[in-house]
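Reading the structure
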Amino acid sequence: MNEQKVKQTTATVEPVKEQTPASAAASKAPAEKMLPSGYIEDGRLLDEEGIMCGEYIGRYAEEMASALEGLPASTFYSSFLREGKGLRKKKTPYGAQKNCAMGMVTAAKKLVYRKKDPAPAILLEIVTAATATVKDPATFEALYMHLDAIYSNMLG
C-alpha cells in the first residue's frame, strides 16, 4: 500500500520554456524621475550675498514642473503655496515659517503615498531638499519664490 502512494505522488516535471524573464517585466515599468544634478547641492537657495540664485527660478523650476507632470497645478498651489503666502510678511515670526516648511514635507508625503491618483515620487524629494534650506526668514522667502516658480511653470 505504501508503494502505491509513493508511485502516485512522484511525477516528472518538465520546465516551462516560455516564461518572461523578470528583467523584461521590470523594464516595462516607467523609469523613476530623479532630481537634476546640482539641485541644491550646497544646501541653500541663496548665494553668499543673500541673493536668490537665478537657476532656482529658471532652469530648475522648469525641470521640476516637467517632472511633476500629472500633478494638477491647483493641488500643488493649495498644498505648498497657499499657507506660505500669508507668512511672507516681515512681522511673521521665523518659527511659524519653519513650521510651515515642515508642514510642506508632510503634505508632499500625503500626496505621494495616497492610494487614488498619487503624485510623482520626485515631489517628496523636491520638497524635502528645498525645505531643508530654510534657516531664517530670507531663506523661507527664497523657498517660497522657488516653489512659486515651479507652480508658474506648471500652469504654462
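Preceding this paragraph is the structure being described.
Presented here is an overview of the structure given in this document.

Rules behind the numbers
- Residues numbered from 1 in each chain as written.
- Predicted model: local features only at pLDDT ≥ 70, side-chain atom pairs only at ≥ 80, totals over all residues.
- Heavy atoms only, no water.
- Helix = DSSP H or I, 4+ residues; strand = E, 2+ residues; numbered from the N terminus.
- Buried < 20%, exposed > 50% of the residue type's maximum accessible area, 1.4 Å probe, protein only.
- Contact = heavy atoms within 4.5 Å.
- Areas by Shrake-Rupley, 256 points an atom, 1.4 Å probe, with all protein chains shown as cover.
- Expected span 1.5 Å × (residues − 1).
- Bend = angle between axes of the 7 residues up to and from the residue.
- Salt bridge = Lys/Arg side-chain N within 4 Å of Asp/Glu carboxyl O.
- Phe/Tyr/Trp six-rings, centres within 6.5 Å; stacked < 30°, edge-to-face > 60°.
- Lys NZ or Arg CZ within 6 Å of the ring centre and 35° of its normal.
- Core = buried A, V, L, I, M, F, W, Y, C linked by side-chain atoms within 4.5 Å.

**Section: the overall build of the chain**
From N to C terminus, the chain includes seven helices and zero strands. Out of the 156 residues belonging to the chain, those deemed buried represent 35%. Here the contacts in the chain between residues at least 6 apart in sequence split such that 69% fall between residues at least 24 apart. Carbon together with sulfur atoms contributes 54% to the accessible area of the chain, which is approximately 10,400 Å² in total.

**Quick word on helix H4 (residues 73–86)**
With 14 residues, H4 extends 19 Å from end C-alpha to end C-alpha; this agrees with the ideal 20 Å at 1.5 Å per step. Along H4, the helix axis deviates most sharply at Phe80, where the bend reaches about 40°. Elements in contact with the buried residues of H4: helix H5 (94–113), helix H6 (122–131) and helix H7 (137–155).

**With respect to the pattern of salt bridges**
Note on pairing: side chains with opposite charge can pair once their charged atoms come close. Within this structure, the stated rule accounts for four salt bridges. Note that Arg88 is salt-bridged to Glu141, the shortest N-O span being 2.6 Å. Separated by 53 residues along the polypeptide, Arg88 in the loop between H4 and H5 and Glu141 in helix H7 bring together distant segments of the chain.

**Things to note about the packing of aromatic side chains**
Considering all chains together, one arrives at five aromatic pairs under this definition. Seen from their ring centres, Tyr39 and Tyr56 are 6.0 Å apart, and the 65° between their planes marks the pair as edge-to-face. Of the two residues, Tyr39 sits in the loop between helix H2 (22–27) and helix H3 (59–67) while Tyr56 sits in the loop between H2 and H3, which places them 17 residues apart along the sequence. Each of the two residues, Tyr39 as well as Tyr56, counts as buried. Put simply, the rings of Tyr39, Tyr56 and Tyr60 pair up and form one aromatic cluster. Across the ring face of Tyr60, the terminal group of Arg59 is positioned such that the distance to the ring centre comes to 4.2 Å.

**Some thoughts on the nonpolar core**
In this structure, Phe76, Phe80, Leu123, Leu143 and Ile150 are the most contacted members of the largest nonpolar core, which totals 44 residues. Within the residue set of this core, elements represented by two or more residues are H3, H4, H5, H6 and H7. For this core, the element with the most residues is H7, which contributes nine residues.

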